[in-house]
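# Residue-level structural notes
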Number of protein chains: 4
Amino acid sequence: MSHNSFGHLFRVTTFGESHGPAIGCVVDGCPPGLPLVEDDIQIFLDRRRPGQNRFMTQRQEADKVKILSGVFEDAQTGGQVTTGTPIALLIENTDQRSKDYEAIKDVYRPGHADYVYDAKYGVRDYRGGGRSSARETASRVAAGAVARKIIASVKIRGALVQMGPHKIDRAHWDWEEVDKNPFFCPDAAAARFFETYLDGVRKAGSSIGAVIEIVAENAPAGWGAPIYGKLDSEIAAALMSINAVKGVEIGEGFAAAELSGEDNADEMRSGNEGKPIFLSNHAGGVLGGISTGQPIVARFAVKPTSSILKPRQSIDRFGRESEIVTKGRHDPCVGIRAVPVGEAMVACVLADQFLRHRGQVGSGPAWPFPA
Amino acid sequence: MSHNSFGHLFRVTTFGESHGPAIGCVVDGCPPGLPLVEDDIQIFLDRRRPGQNRFMTQRQEADKVKILSGVFEDAQTGGQVTTGTPIALLIENTDQRSKDYEAIKDVYRPGHADYVYDAKYGVRDYRGGGRSSARETASRVAAGAVARKIIASVKIRGALVQMGPHKIDRAHWDWEEVDKNPFFCPDAAAARFFETYLDGVRKAGSSIGAVIEIVAENAPAGWGAPIYGKLDSEIAAALMSINAVKGVEIGEGFAAAELSGEDNADEMRSGNEGKPIFLSNHAGGVLGGISTGQPIVARFAVKPTSSILKPRQSIDRFGRESEIVTKGRHDPCVGIRAVPVGEAMVACVLADQFLRHRGQVGSGPAWPFPA
Amino acid sequence: MSHNSFGHLFRVTTFGESHGPAIGCVVDGCPPGLPLVEDDIQIFLDRRRPGQNRFMTQRQEADKVKILSGVFEDAQTGGQVTTGTPIALLIENTDQRSKDYEAIKDVYRPGHADYVYDAKYGVRDYRGGGRSSARETASRVAAGAVARKIIASVKIRGALVQMGPHKIDRAHWDWEEVDKNPFFCPDAAAARFFETYLDGVRKAGSSIGAVIEIVAENAPAGWGAPIYGKLDSEIAAALMSINAVKGVEIGEGFAAAELSGEDNADEMRSGNEGKPIFLSNHAGGVLGGISTGQPIVARFAVKPTSSILKPRQSIDRFGRESEIVTKGRHDPCVGIRAVPVGEAMVACVLADQFLRHRGQVGSGPAWPFPA
Amino acid sequence: MSHNSFGHLFRVTTFGESHGPAIGCVVDGCPPGLPLVEDDIQIFLDRRRPGQNRFMTQRQEADKVKILSGVFEDAQTGGQVTTGTPIALLIENTDQRSKDYEAIKDVYRPGHADYVYDAKYGVRDYRGGGRSSARETASRVAAGAVARKIIASVKIRGALVQMGPHKIDRAHWDWEEVDKNPFFCPDAAAARFFETYLDGVRKAGSSIGAVIEIVAENAPAGWGAPIYGKLDSEIAAALMSINAVKGVEIGEGFAAAELSGEDNADEMRSGNEGKPIFLSNHAGGVLGGISTGQPIVARFAVKPTSSILKPRQSIDRFGRESEIVTKGRHDPCVGIRAVPVGEAMVACVLADQFLRHRGQVGSGPAWPFPA
């Protein structure tokens, strides 16, 4: 057990506080021989990096990653590859403004983890939220970049599908659009709307929630470890562990409660080599905790940023009542930057499940079986 | 890592197939000195037991639990108590009708785990779903009964809050009603409606989904182990691991995506000994992965039973196409019996988090701190 | 973390007390498709079974194992195979004489775990040592039989190499002899001597210690997970966890402290396909925590049975002084029956390391590498 | 499971190679509120630091530790304390001479892990042994310093008790001597002898093994988690995981095999508050895997350094035969610097067991029990 680790054969341990000298992680269990240089990781960190536009916190962090261990030149190719030993990744903090937080040193911000960290530990690094800051998710994105190397044939993409009460139009879904707007939104029209909408939220000193969808394609049937290491169970844990996430669903999710058995079950026809062709994907690619070979579809709900300029009632650590306004630099919709984080978490879960499957089952049984 | 275990300091390992000689579990890490007899467990198993009314599978299982280890007479009181050693619980299967399943020996039932077990393992016990049967959840309920002993002051209750598209009226919520109707429904009027509604579903040879809500009261602030052992993350994994569950949410859940920061954050006033009184509970009792002291509120969506009498298109393990009708004895709304299972899973997570908290933090810091 | 489990991908959880209704274990992570019937396990249990001759406890236990889950008929062959789901194994206790233990209900037997269980848990099952009884090792032997199926090409054998101060003559080592005498002794002459020697010990109401050696042949180079899952580290933990074991060594073991670097290092010459031929095996088949391909050699020291007829000074749980004589049925040299237990533990460690290696590294890199 | 982590509630993950930019570790699960500054760790690192005298490798490493996370100023005292979040410790490598290792880039040094890393991973960082270098143990010593804070009342000390075939005279054991000679030797006369003896070994271009003893005093009765988290089992794993260790024993260890039951069992008399006074400590402070309250005594054997100037036969990774002389800077008796490492490992195991015990059993039962 480790409170700050996740995964099993592919195991990630993160560390660091928002305003400490650095954050980072140790990625353990990565197979040897995979090409890995810092740029392979940086490209994903850059997607999550703060300060890129007015819809993100204005904290300026380069989020430059350093690989401290676990790679070496390959004797054959001369290129840098993983060695099977732990990969330590370090990201230095460079733009802390701890003074911004002096005012909330003793006060508990509503919706934040301030009070519970004190209730649990009796001491906390209040600067920028300390360990509970969303800054920790940079380590996850870095680890996710390594995970992607392991399951290179699996395509893992995320998108914002709802902001506040406004859902995108799924008929207009275009993955190409996702990187063309500041919201990771796959619907160009919705993205234009969000721009105006979120400007309003931001200017009002408020914030708003969002729903993110992650889709992983090309994972074969058979990944997942029932009963308590189910693929969907681990995805749920991984996504729910992201800051501000309050709900997770797979495939139809909560909508499945409204369906009849005949409407929800995905019928099968015979495809290549007798493998099934599913006629629908209500299951979101997971049955019995095991991947079906269809796209794995997960969604998660992110609550609105708790740090807002509107005054709220609270107490301080001495039990004194006060009114609080959270200054500092914050995301008006923290769900946006949760997109690359969600992708990374799903990548880590899948890489881990792949290795575990390979460990227990090997290359897997032949299918369909000889008649 | 164990695929069939969950929890850390309080750790449960389950085993058994639907039509094998027995199912059961080993509960490891239970503290010593807790009174525990078979009846303490049986009372919860009886709530989940099949065959009690027409809204459940007609399989007749007594589900009698035997304690095989881990208890002994207390030298002081003479009563039977836990000893700190593993508690093995055995439930014999007595009403298997394996012949019912000969017909689906080679065919993959849509919505079931049949295909993926074959794809993963190359062999499976097809009788009654084997390991993937909801029968496995009896072991969870048994373990949950032990967990409740550890955190005896925490009140954990569950209720069915939605069946198909029909939500209960929360204004009529009455916990007393839950055990008075066959649906664990806290709204008497809704329960009457569900009776007619589910009869219609059942007679049509169909099935329907449901949403369950679990509420845990009196857990103190401070339980939960950030970052990757967060209380809500572990509840999400635990609930998502239950058969047929497709979504999990905490507090406002997916509705939080629609809220503004000021509407979602739970304001605080000063209460006893300086502890906070929260003015709302949008967070569902968890912030930053740690309990706030407010009721912990989790909901999960259960898909409709996949075993239905309506014919569906499928294939068999040789890749041949066929049409399938699932006979046998099934729950028209498997979400109903998921209520005691959900309670048990939350009980296990909380017991585990309590022990882990006690391990790392001890009895906890004084609060509020001396000024 | 589980106090009563060991292994990772191949994971065993044991339960049960000496005089409870049953003992047993759950074996999780066993790959699917391996032929497994009860006789495959019984054959190993029979080697460890008590009451077979006068050099063992006279407790009469059939130690009949039942497989409760995790196996099913193979669709191709019709034979029973593992399914990849947890294998629960049950061994009922049938010859408890709990009355023998009434006298020591409150008294702490020197050298036993009586006092420490009370100091830790405040309650204990005193009958036959309860959970701390060597009876628990039957579960290990059962699990070891499953482990052997996974790594069928690895030959794992054990032998008693020392009893009291008397070491066997290694020049006379003959594996064939091991099953021909009641001591698992590979030296026929030594076995004859031990018969007379142990009779003397037994008749004096005393007991004596022993040293056991386990040899695993044909494990390929590459198993073991540095740094903290080293093959030798895990073997050490596994063997030290056996009742009464006080020392473990690999290869030269403690004798390595006396060697020079040039005498200890195993030189290499080029063998088949460029693989090394080692000119010696001081390392005992493990370097840097990874198998070398040479035989893996581990030894462990078993202390003398603490239950003896000679009176010893002790106290009871009320702090009162007393003199104690342990009646009941005991092994005069518990090290003898530790031989099949040691074999089983090494088998479990190797099976686990094999699966973990397969998970992280796959089928392994080609070797030697193309020039 | 993590190959590069150890411990459970107190969990340490190490990373880094001998000639990479840095080594370090993440310490997870440390309780909050413990005073911790870099000097608390540095003092232990300095004991293990290379280059301090002619009996150590001449590599000059300052081994300066940086705390990257997990500490903050205490609101009461203003002093720096642990916060309950992960403590990342970084030690930069500053005196690598990688060129020394070009010669052995492709050759496998006998007694080293070179060959097995290649056999396992197919790629390795050959510079200074890479991950398999004893340099990794600096991270253990740093973690051990944190562990000591948790169990501050437990006194953990180590000493070299044998070098080559030469054992110290236990009648002359004086803990004060340990830090007065370069061998951590508690026998002043033996230390003087070792100086001459090891000079001879060193000048001959050879090396020699050693035996180390670790003693932990003042641990209360009750620590240890039977059956598979036994205190002695975990100490065995921890010590065996140290580079070059080939044997571990507790209390009498292998000598227990030669003892009779009456000579080996530690008799008890009644002491304060009815607690036992043991008349001997053959058990080495552990019975049934649980601490007895007596000093915990563990010994481990360290093989001679494999890197020697004497030529040895070997092969390279292409299967070609060669003769090898290991240049570079090496310890003639690597067992010496294993003393602080062994202490650290025992400290980590005890801290972990303390937290686990506190978690499962709480503050522990009263003892002796009311009559």
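These numbers come from a predicted model, not from an experiment.

### Focus: the relation of the copies chain B and chain A
Mapping chain B onto chain A calls for a screw motion: a turn of 180° about the axis and a shift of 0.0 Å along it, with 0.0 Å RMSD after fitting. What the rotation and shift describe, once combined, is the action of a two-fold rotation axis. Taken together, the interface assignments show that 100% of the residues at the interface of chain B recur at the interface of chain A, consistent with an identical surface on both copies.

### Remarks on the interface of chain C and chain A
Residue-level contacts link 17 residues of chain C with 17 residues of chain A. Among the residues of chain C in contact with chain A, Arg358, Gly359 and Gln360 of chain C are the three that bury the most area, contributing 41% of the side total. Applying the counting rule to chain C against chain A returns 0 salt bridges. Looking at the side of chain C that touches chain A residue by residue, the class counts come to 9 nonpolar, 6 polar and 2 charged.

### Regarding the UniProt feature "binding site: NADP(+)" in chain A
Residue and element names in this part refer to chain A. Listed under "binding site: NADP(+)" in the UniProt record, and renumbered for this structure, are Arg48 and Arg54. Tracing the backbone shows Arg48 in helix 1 (residues 38-48). Each residue touching Arg48, except ones within four places of it in the same chain, is listed here: Asp63, Ala134, Arg135, Thr137, Ala138, Val141, Arg337, Pro340 and Val341. You can see Arg54 is positioned in the loop between helix 1 and strand 4 (65-67). With residues near it in sequence (within four places) discarded, Arg54 still touches Glu195, Asp199 and Arg202. A distance of 2.6 Å separates polar atoms of two side chains, one belonging to Arg54 and the other to Asp199.

### Re the layout of surface pockets
Here the largest pocket defines a volume of roughly 930 Å³. In terms of lining, the largest pocket is formed by 34 residues, of which the most central are Phe254 of chain C together with Lys167, Glu249, Phe254 and Ala255 of chain D. Among the secondary structure elements, those contributing two or more residues to the lining of the largest pocket are strand 8 (155-163) of chain C together with strand 8 (155-163), strand 10 (210-217) and strand 16 (296-302) of chain D. By residue number, the principal contributor to the lining of the largest pocket is strand 10 of chain D, which donates 4 residues. Grouping the constituent residues of the lining of the largest pocket by class yields 14 nonpolar, 5 polar and 15 charged. Of the volumes computed, that of the second largest pocket is approximately 660 Å³. Surrounding the second largest pocket, 23 residues form its lining, Glu249 and Phe254 of chain A together with Lys167, Glu249 and Phe254 of chain B being those nearest its centre. Within the lining of the second largest pocket, the residues separate by chemical class into 10 nonpolar, 2 polar and 11 charged.

### Brief notes about the pattern of salt bridges
Tallied over the entire structure, the rule returns 112 salt bridges over all chains. Arg109 of chain B serves as the salt-bridge partner of Asp114 of chain B, at 2.8 Å between the closest nitrogen and oxygen. In this structure, Arg124 of chain C and Asp114 of chain C form a salt bridge, with 3.6 Å as the shortest nitrogen-oxygen distance. Within this pair, whereas Arg124 of chain C is found in the loop between helix 2 (114-121) and helix 3 (137-150), its partner Asp114 of chain C is found in helix 2, the two being separated by 10 residues in sequence. Residues Arg124 of chain C and Asp114 of chain C agree in their burial class; the two are buried. Each member of the salt-bridge network shares a partner with another, and the members are Arg47, Arg148, Asp179 and Glu343 of chain A.

### Remarks on the packing of helix 1 (residues 38-48) of chain D against helix 3 (residues 137-150) of chain D
Residues and elements named next belong to chain D. The N-to-C vectors of helix 1 and helix 3 enclose an angle of 140°; their axes lie 9 Å apart at closest approach. One way to sum up the angle between helix 1 and helix 3 is to call them oblique. Between helix 1 and helix 3 the crossing geometry is right-handed. Taking contact as the criterion, the partners of Asp40, Ile41, Phe44, Leu45 and Arg48 in helix 1 are, on helix 3, Thr137, Ala138, Val141, Ala142, Ala145, Val146, Arg148 and Lys149. For the contact of helix 1 with helix 3, the residue count by class is 8 nonpolar, 1 polar and 4 charged.

### Considerations on the sheet that holds strand 3 (residues 22-28) of chain B
Residues and elements named next belong to chain B. Pairing within the open sheet is antiparallel, and its 5 strands lie in the order 1-2-3-7-4. Each of the sheet's edge strands pairs with one partner strand only, and the pair in question is strand 1 (5-6) and strand 4 (65-67). Bridge count between strand 4 and strand 7 (residues 87-92): 3 bridges; the pairing is antiparallel. Counted as the bridge partner of Val65 is Ile91 from strand 7. Each of strand 4 and strand 7 touches helix 1 (residues 38-48); the most contacted strand, strand 4, lies at about 155° to it.

### Digging into unusual backbone geometry
Of note, the bond from Pro226 of chain A into Ile227 of chain A is cis; its omega dihedral lies within 30 degrees of zero at 10°. Considering the arrangement of structural elements, one finds Ile227 of chain A in the loop between strand 10 (210-217) and helix 5 (231-240). Look at Asp63 of chain A: it is not a glycine, yet its phi comes out positive at around 50°. Turning to its location among the elements, Asp63 of chain A is positioned in the loop between helix 1 and strand 4. The phi dihedral of Asn218 of chain B is positive, around 80°, even though this residue is not glycine. Checked against the element boundaries, Asn218 of chain B lands in the loop between strand 10 (210-217) and helix 5 (231-240).

The rules behind these values
- Residues numbered from 1 in each chain as written.
- Chains lettered and ligands numbered in written order.
- Predicted model: local features only at pLDDT ≥ 70, side-chain atom pairs only at ≥ 80, totals over all residues.
- Heavy atoms only, no water.
- Least-squares fit on C-alpha atoms with pLDDT ≥ 70 in both.
- Contact = heavy atoms within 4.5 Å.
- Buried area = accessible area lost by both parts, 1.4 Å probe.
- Salt bridge = Lys/Arg side-chain N within 4 Å of Asp/Glu carboxyl O.
- Nonpolar A, V, L, I, M, F, W, Y, C, P; charged D, E, K, R; others polar.
- UniProt positions renumbered as here; feature names shortened; annotations may be inferred.
- Helix = DSSP H or I, 4+ residues; strand = E, 2+ residues; numbered from the N terminus.
- Polar contact = N/O pair within 3.5 Å; in protein donor to acceptor, adjacent residues only side chain to side chain.
- 1 Å grid on protein atoms, 1.4 Å probe; cavity = no way out; pocket = protein on both sides within 12 Å on 5 of 7 lines; lining within 4 Å.
- Points joined across faces, edges and corners; volume = space filled by probe spheres on them.
- Buried < 20%, exposed > 50% of the residue type's maximum accessible area, 1.4 Å probe, protein only.
- Axes fitted to C-alpha atoms, helices over the stretch in contact; angles between N-to-C directions.
- Parallel < 35°, antiparallel > 145°, perpendicular 65-115°, else oblique.
- Left-handed = near helix turned anticlockwise from the far one by under 90°.
- Pairing = 2+ DSSP bridges.

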